[in-house]
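So the chains spell out like this:
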Amino acid sequence: MKKIRVHLKENSYELLVGRGLLKNCGPFIKSLNLGRDSVVITNRRIVNLYGNDLKQALKESGFSIHFELVPDSEKAKSSEVLIDILNRISLYDRRKALFIAAFGGGVVGDVAGFSACVYKRGVPYIQIPTTLLAQVDSSIGGKVAIDLAAAKNMVGTFYQPKLVLSDISLLNSLPKRQIRSGLAEVVKYGVIKDIRLFEYLESNFDSLLELEEDALQHVVARSGEIKAHFVEKDPFDKTGIRTVLNYGHTMGHAIETASGYSDKYSHGEAIAIGMVIASEISVRLKLLDDRDAERLENLIKDIGLPTDIKDLDFGKIYESHLRDKKFIHGRNRFILPVKIGSMPKVFEDVPEKIVRDVLRQRIRYG
Ligand SMILES: NC(=O)c1ccc[n+]([C@@H]2O[C@H](COP(=O)([O-])OP(=O)(O)OC[C@H]3O[C@@H](n4cnc5c(N)ncnc54)[C@H](O)[C@@H]3O)[C@@H](O)[C@H]2O)c1
Ligand SMILES: [Zn+2]
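All of these numbers come straight from a predicted model, not from anything done at the bench.

Draft legend 1. View of the coordination of the zinc ion (ligand 2). Coordination of the zinc ion (ligand 2) by the protein comes from Glu185 (OE), His249 (NE2) and His267 (NE2), over a distance range of 2.0 to 2.1 Å. Within one chain, the residues serving as donors to the zinc ion (ligand 2) are arranged as E-x63-H-x17-H. Here the residue Glu185 occupies a position in helix H6 (residues 176-193), and His249 occupies one in helix H9 (residues 249-258), the gap between them amounting to 64 residues. The same class applies to Glu185 as to His249, namely buried.

Structure representation (C-alpha cells):
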C-alpha cells in the first residue's frame, strides 16, 4: 500500500492506494474518529458489486452502516437528487454521530461530497473512489458540485474529505473504455509535470489496459501525488497554479458540449483530443517542439484513445469553445505545453486563425 499526505493545514488528509483495501478499510476509518454511524452514498451497480465487502468491513470495526442510493448517471448531480438525499439522511439521523462515505465514481463523489458539506453545515466525509478517473483525479482536491441546466458543476464549493481510499482491485469490473478515459488524465499529469510518468505510460500502456495491479498502483499513486501537489499550492483554484490541470480541457469541454454530453465522447476521450489540439497550437506558436507533439499523439493512440473528431460539426465545437465559462472578457485561454513533463504556459488570446486551423485539421467526416 502507498500512503500520500495531502498537506492542507487543518484540512490535511491521507490518500491510500493499494489492492484489497476495501476489505480492510475499517481500522483506517476508525482511526479518524469521524463518528460511529456511516451513511454510504453510492448507486445500485456499485452496491451489487462491492456493497457486501464494504458492509462487512465497516461492521467488523463497529460502525453502523446505512446505504443511500443515487441514480447511476450524471443525473445524480441534480438539485432534486441532492435534496432527496438530505431528506433521507435526516430521517435516518436520530442522535447519530454521522459521517458520509462517497462510494463510486466521480458522479457519486461530487454529489456525496456536496451533501456532506451542506448537511447540518458540514459533516465529515471520506472518498472511496471506484473508477480510474475518480482515483486519479476527482476524489482528490475537495471540489464538490452539482449541475444546473445551464452547465455542469455550476453549484459547488471546496470541501476536503478526511480520507481517500483507492482500492485498485475495484477497477477489475470497470469497462475498458472507462480505463482508457481515466488514463487520459494520467497522460495529462505526465505532460504537465512528470516526464518519467509519461515514459512509464509509453512502456506500460498494455499492462495498464490489462489491469496489471502493480502498474495500476504505480500510476494511481503517482497521479495522486501530482494532483495533491497542485491542490496544496492552490487549494481554492485562485492563484492560477491549479489551472494547469485543465490542460486539454478547453477544447475537451467544447467537444463534450457540442456532442450534448452524449455517449459519443467520454470525458477522457474528449480531453485526449483536447490535449492533441492544445499541443498543436503550442507547436504553431513555437512554444513546443513538434517531436514532443508527435510523441504525445502516439501515446494517446497506443492507449486506444481518439486523436481526431468524427461526425461532429466544426462550427458547433468552435462556438462551444467560445462560450467556455472560464474565458474572461471573451479572451480564449489554453494551457499550452512547452516540453513534456514541464510546467505548461497558461496562454490567453491565442489568435483565432490558429485555433480554427488546428481544430479543422482534427475533424474527420464520414
Ligand atoms: N470533483 C472533481 O474534481 C472532478 C474532477 C473530474 C471529474 N469530476 C466529475 O466526475 C464525473 C465523472 O466521473 P466518472 O468518470 O468516474 O464517471 P461515473 O461516476 O459516472 O462512473 C462511470 C460508470 O462506471 C460505473 N462504475 C463505477 N465504478 C465501477 C466499478 N468499479 N466497476 C464497474 N462499474 C463501475 C458507474 O456506476 C458509472 O456507470 C463527472 O460528473 C465530472 O464532472 C469531478
Ligand atoms: Zn478531466
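Draft legend 2. Focus on unusual backbone geometry. Phi angles above zero are rare outside glycine, and Arg95 is one such case at about 50°. Structurally, Arg95 can be placed in the loop between helix H3 (79-92) and strand E5 (98-104). By relative accessible area, Arg95 is classed as exposed at 88%.

Draft legend 3. Looking closely at the pattern of salt bridges. Here the structure, examined in full by the defined rule, presents 32 salt bridges. In this structure, Glu280 and Arg362 form a salt bridge, with 2.4 Å as the shortest nitrogen-oxygen distance. Separated by 82 residues along the polypeptide, Glu280 in helix H10 (residues 267-284) and Arg362 in the loop between helix H13 (352-361) and strand E13 (363-364) bring together distant segments of the chain. With a relative accessible area of 18%, Glu280 lands in the buried category. Salt bridges here are not isolated pairs; linked through shared partners, they connect Glu280, Glu297, Lys301, Asp308, Arg362 and Arg364.

Draft legend 4. Layout of the site of ligand 1. If you check the shell around ligand 1, you find 25 residues, and the closest are Asp72, Glu74, Thr130, Thr131 and Ser173. Separating an oxygen atom of ligand 1 from a side-chain N or O atom of Asp72 is a distance of 2.8 Å. Within the backbone of Lys143, a nitrogen or oxygen atom sits 2.8 Å from a nitrogen atom of ligand 1. Protein coverage of the free-state accessible area of ligand 1, which is 870 Å², stands at 85%. Of all elements in the fold, only helix H2 (44-60), helix H4 (106-118) and helix H5 (132-138) reach the threshold of two or more residues within the shell around ligand 1. At four residues, H2 tops the list of elements feeding residues into the shell around ligand 1. Classifying every residue of the shell around ligand 1 by side-chain character gives seven nonpolar, nine polar and nine charged.

Draft legend 5. Up close: the packing of H3 against H4. The geometry of H3 relative to H4 is characterised by a closest axis approach of 10 Å and an angle of 55° between their N-to-C directions. Put simply, H3 runs oblique to H4. You can see that H3 and H4 cross each other, and the crossing is right-handed. Between H3, through Leu82, Ile85 and Leu86, and H4, the contact on the second element is made entirely by Val111, Phe114, Ser115 and Val118. Classifying every residue of the contact of H3 with H4 gives six nonpolar, one polar and no charged.

Draft legend 6. Quick peek at the pairing of strand E2 (residues 13-18). Judged by how many residues are buried, E2 sits mostly within the fold: five of six residues are covered. Hairpin connection, strand E1 (residues 2-6) to E2: the antiparallel pair is bridged by six residues, and Lys9 has positive phi, about 45°. In terms of strand pairing, E2 meets strand E9 (residues 163-167) through five bridges, oriented parallel. Among the inter-strand pairings, Gly18 is bridged to a residue of E9, identified as Asp167.

Reading the values: the criteria
Residue positions are given per chain, counting from 1 as you read along its sequence in written order. For this description, chains carry letters from A and ligands carry numbers from 1, given in the order in which they are written. For this predicted model, a pLDDT threshold of at least 70 governs which residues receive local features, and a threshold of 80 or more governs which side-chain atom pairs are given and counted, while totals over whole chains, interfaces and linings are taken from all residues. Excluding hydrogens and water, the side-chain figures rest on all heavy atoms present in the structure. Each metal's donors are the N, O and S atoms within 2.8 Å of it, or within 3.2 Å when it is Na, K or Ca, and because water is not part of the set, sites may look incomplete. The secondary structure listing takes helices from DSSP runs of H or I that are at least 4 residues long and strands from runs of E that are at least 2 residues long, numbered from the N terminus. Only protein chains enter the calculation, and the probe is 1.4 Å; a residue is then buried if its accessible area is under 20% of its type maximum, exposed if over 50%, and partly exposed in between. For this document, the term salt bridge refers to a Lys or Arg side-chain nitrogen within 4 Å of an Asp or Glu carboxyl oxygen. Nearness is judged by heavy atoms alone; a residue qualifies as near a molecule or strand once a single heavy atom is within 4 Å of it. Here a polar contact is taken to be a pair of N or O atoms separated by no more than 3.5 Å, where protein atoms must pair a possible hydrogen donor with a possible acceptor and residues adjacent in sequence count only if both atoms sit in side chains. Method for areas: the Shrake-Rupley scheme with a 1.4 Å probe, in which residue coverage is limited to the protein chains shown. Amino acid classes used here: Ala, Val, Leu, Ile, Met, Phe, Trp, Tyr, Cys and Pro are nonpolar; Asp, Glu, Lys and Arg are charged; the rest, including Gly, are polar. Whenever a helix is involved, its axis is fitted only over the stretch in contact; in every case the axis is a line through C-alpha atoms, and angles between N-to-C directions fall within 0 to 180 degrees. Geometric relationships in this document are graded by angle, where less than 35 degrees denotes roughly parallel, more than 145 denotes roughly antiparallel, 65 to 115 denotes roughly perpendicular, and other angles denote oblique. If you view the pair so one helix is near and one far, a crossing is left-handed when the near helix is turned anticlockwise from the far one by less than a right angle, and right-handed when it is turned clockwise. Residues count as neighbours in contact if any of their non-hydrogen atoms are within 4.5 Å of one another. By definition, two strands form a pair when at least two bridges between them are found by DSSP.

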